[in-house]
Amino acid sequence: MSRAIGIDIGSFSVKIAVVNYRNRSYSFDDFHEFPLNPNPNSDHDIEIIDILRKVAEKYDDGHTKFVLGLPQKFVSSRICSFPFKERHKVLKSVAFELEDDIPLTYENAIFDAKITRYFKNASEVLAFAAPKEVIQNLINLSKDSLIPVSSLSVEGLAFANLFEAWQQGPVDAKNSYNPHEELEDDEDDDLEEPDWETTAIDMILHIGHSQTIVLFVEGQRIIDTKSIDWGGINIANTLGKKYKIQPYEALKELMSKSFILLNNNEGDKNQAVYSDTVKASIDDLYKELKLLIIAVESKFRLELDNIKIVGGVSRIKNIGAYLTQKLERPVNRLTEFSMAPFVEFSAGAQYGVNGGPAVGLAIEAFKKPINPAANLLKDEFAKKSEQWVNFWNKWGTTVKYLSAVFMILLVYGIARDSMTATMKETARSTLKKHATKIAQLPKSKANARNVEKYIKNQKSELKAIEMADKVQTIGSALQVLKKLSSSMPAKSAVKLNVKSLNIVNGYMDIQGEVASRQQLQSVERSLKGMSVDGKVKKTNARLQTSPGRIPFSFRVNVQIEGGV
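Residues numbered from 1 in each chain as written. Predicted model: local features only at pLDDT ≥ 70, side-chain atom pairs only at ≥ 80, totals over all residues. Heavy atoms only, no water.

### Structural notes on the overall build of the protein chain
Thinking step 1. Helix and strand counts for the protein chain come out as 13 helices and 19 strands.
Thinking step 2. Along the three orthogonal principal directions, the C-alpha set of the protein chain runs to about 170 × 65 × 45 Å.
Thinking step 3. Counting all 564 residues of the protein chain, 42% fall into the buried class.
Thinking step 4. In the protein chain, once contacts between residues fewer than 6 apart in sequence are set aside, the share between residues at least 24 apart is 67%.
Thinking step 5. Of the roughly 32,600 Å² of accessible surface on the protein chain, a fraction of 51% belongs to carbon and sulfur atoms. (Helix = DSSP H or I, 4+ residues; strand = E, 2+ residues; numbered from the N terminus. Buried < 20%, exposed > 50% of the residue type's maximum accessible area, 1.4 Å probe, protein only. Contact = heavy atoms within 4.5 Å. Areas by Shrake-Rupley, 256 points an atom, 1.4 Å probe, with all protein chains shown as cover.)

Structure (structure tokens):
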């Protein structure tokens, strides 16, 4: 499931709409309205920041998209045509197309456009621009409120999402009347212009606290959107002047009991005066609407069929009937968004009918490239990816340390490579020097291969010398054995059984057994005669002795180098 939050910041209240996307369907699930202090001396910015921070705490889970609305009164829009259908070409040409019609330039405004329909290879575009100063103020407000705004849309265009097929691309109106087409003056002078039938359209009015958003809709296609600088505060100011009270007190009175008498005979004198005061203010709205209707109908060959009103002022009793009399067209209050395509209205429907712009702003987060959302966060206001910022905030210190370690290892590796090369060259020159001096090799053959061959030959000679020493040692040991045999008593005198004999490093170890103590003494005397120092050392006998025999173990110094 994905979620989008539409934020409509007005001069009377802050409206929050929650739209969810689940199971391939969209649903308007929740709506909140936070009234602002009507006292003109109160600081609304502080109130708004406090409200939005609470919203962020509740909904900011890292996956929710927040869409902020730019009030329509700050937007200048025009309907124009381009001789191509590509959106990127349209966006490049919008600023030049509007520079003569609006008091905004590319240096101090952000331009965007919405393609409303195609005519063969041409496109009809609703182009608009907003001052950079106003955009910057909203961005600063969102930052102070800790709201991670994903896009900044236009309030009127967002409100149109509730009435147009926003999941579909612009329609191809090649067989419809094209108000932008110009007939050639030469050959076509005698040609009669086709008798196009007028097309019925609807007008939707969102009458708020300080402005009225006007939409012209043909079926499910938005034609134009405007803003009239008129709202409930105008009625409150008129009532305040009439009854000599503060405007915000008059606004409270208007909210608690507001009505219009279609016939003054229906009420008393005071009610008639109150009704006439309200009518006088609403007549200012009527004049503006009349001019808009005439302009749209004459330019596009349209005929206004129905007018629907919504917003706080639409709750005034009989305001629809009064506007019907003045505009001579049916004006009815819109009680639900039953005509809104692609969105199911459930939990928040009963509360959110006056929060239409907020709902439309939330829908902006789900629009696809075929009919992209209006987003004024572009150029210098383009939203930068926060993934790198979050990564750096979390791992920046570690990355710095790792970079320092990498640089140290890199420097160490370079230094080690240089030292290795130096040592290799030194070893080569030293090897060559000693090869000529010790191995007696000529300089041309003083290399590692010939040195290895020389060392191998020297090792072979050492092994031959060691073998010769062993042979000499074997001869010496045989002499000791011969001397031992001649020194021992005769077999008839001593029953001697030698079990172990070792001649190692000038010593002879002999172990065995005899039949009696006298024979043992006789053997010991014979060994003393062999000993260089005339001594015999008794050692521990570790051999198994036969029954009735006496074991012995002696060490005698015979001065024999090596051994067997």
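Still to come is the rest of the account.
### Structural notes on the environment of Ala250
Thinking step 1. Residue position: Ala250 is located in helix H6 (residues 247–256).
Thinking step 2. On the basis of relative accessibility, which here comes to 1%, the residue Ala250 falls in the buried class.
Thinking step 3. Expressed as a C-alpha distance, the spacing of Ala250 and Ile235, which sit 15 residues apart in the sequence, is 8.5 Å.

### A short note on the side chain of Ser145
Thinking step 1. Relative to the elements of secondary structure, Ser145 occurs in the loop between helix H3 (132–144) and strand S8 (149–154).
Thinking step 2. On the basis of relative accessible area, Ser145 is assigned to the buried category, the value being 0%.
Thinking step 3. Of note is the side chain of Ser145, whose polar atom sits 2.7 Å from the backbone oxygen of Leu141.
Thinking step 4. With near-sequence residues (within four places) excluded, Ser145 lies in contact with Ile48, Ile49, Leu52, Arg53 and Ala56. (Polar contact = N/O pair within 3.5 Å; in protein donor to acceptor, adjacent residues only side chain to side chain.)

### Notes on the sheet that holds strand S17 (residues 507–514)
Thinking step 1. Read from one edge of the open sheet, four strands run S16-S17-S19-S18, paired in antiparallel fashion. Every other strand in the sheet has two partners, leaving strand S16 (497–504) and strand S18 (537–538) as the edge strands with one partner each.
Thinking step 2. In the packing of helix H13 (residues 517–530) onto the sheet, the strands contacted are S17, S18 and strand S19 (550–557), and the crossing angle to S19 comes to about 10 degrees. (Pairing = 2+ DSSP bridges. Axes fitted to C-alpha atoms, helices over the stretch in contact; angles between N-to-C directions.)

### Considerations on the nonpolar core
Thinking step 1. Within the largest apolar cluster, 76 residues are counted, with the highest numbers of intra-cluster contacts made by Ile7, Val14, Met203, Ile235, Ile282 and Leu376.
Thinking step 2. Tallying contributions element by element places helix H7 (residues 269–300) first for this core, with 10 residues.
Thinking step 3. Met203 has contacts with Val214, Leu215, Phe216, Leu289, Ile293, Leu304, Asn306, Ile307 and Lys308, leaving out every residue within four places of it along the chain.
Thinking step 4. Ranked by size, the runner-up nonpolar core spans 27 residues in total, among them Ala160, Leu162, Ala362 and Ala365. (Core = buried A, V, L, I, M, F, W, Y, C linked by side-chain atoms within 4.5 Å.)

### Structural notes on the environment of Ser2
Thinking step 1. One can find Ser2 in strand S1 (residues 2–9).
Thinking step 2. It is 20 Å that separates the C-alpha atoms of Ser2 and Lys383, two residues lying 381 residues apart in sequence.
Thinking step 3. In this structure, Ser2 is in contact with Val19, Asn20, Tyr21 and Phe366, ignoring residues within four places of it in sequence.

### A closer look at H7
Thinking step 1. A rise of 1.5 Å per residue sets the reference length of H7, with its 32 residues, at 46 Å; its end C-alpha atoms lie 45 Å apart and thus fit the reference within 8%.
Thinking step 2. The N-capping residue of H7, defined by a side-chain oxygen 3.3 Å from the backbone nitrogen of Asn270, is Asp268.
Thinking step 3. Just downstream of H7, Arg301 is the residue with a positive phi angle, here 55 degrees. (Expected span 1.5 Å × (residues − 1).)

### Here's the deal with the side chain of Asp112
Thinking step 1. On the secondary structure map, Asp112 appears in strand S6 (residues 109–119).
Thinking step 2. In this structure the side chain of Asp112 is engaged in a polar contact, spanning 3.4 Å, whose partner is the backbone nitrogen of Asn375.
Thinking step 3. With sequence-adjacent residues up to four places away left out, Asp112 is seen in contact with Arg87, Leu91, Val94, Ala127, Phe128, Ala374, Asn375, Leu376 and Lys378.

### Comments concerning the sheet that holds strand S9 (residues 171–172)
Thinking step 1. Ordered by their spatial adjacency, four strands build an open sheet running S5-S7-S6-S9, and the pairing between neighbours is mixed. Each edge of the open sheet is held by one strand with a lone partner, namely strand S5 (76–82) and S9.
Thinking step 2. Both S5 and strand S7 (residues 122–131) contribute to a ladder of seven bridges, which runs antiparallel. Directly across from Ile79, in S7, lies its bridge partner Leu126.

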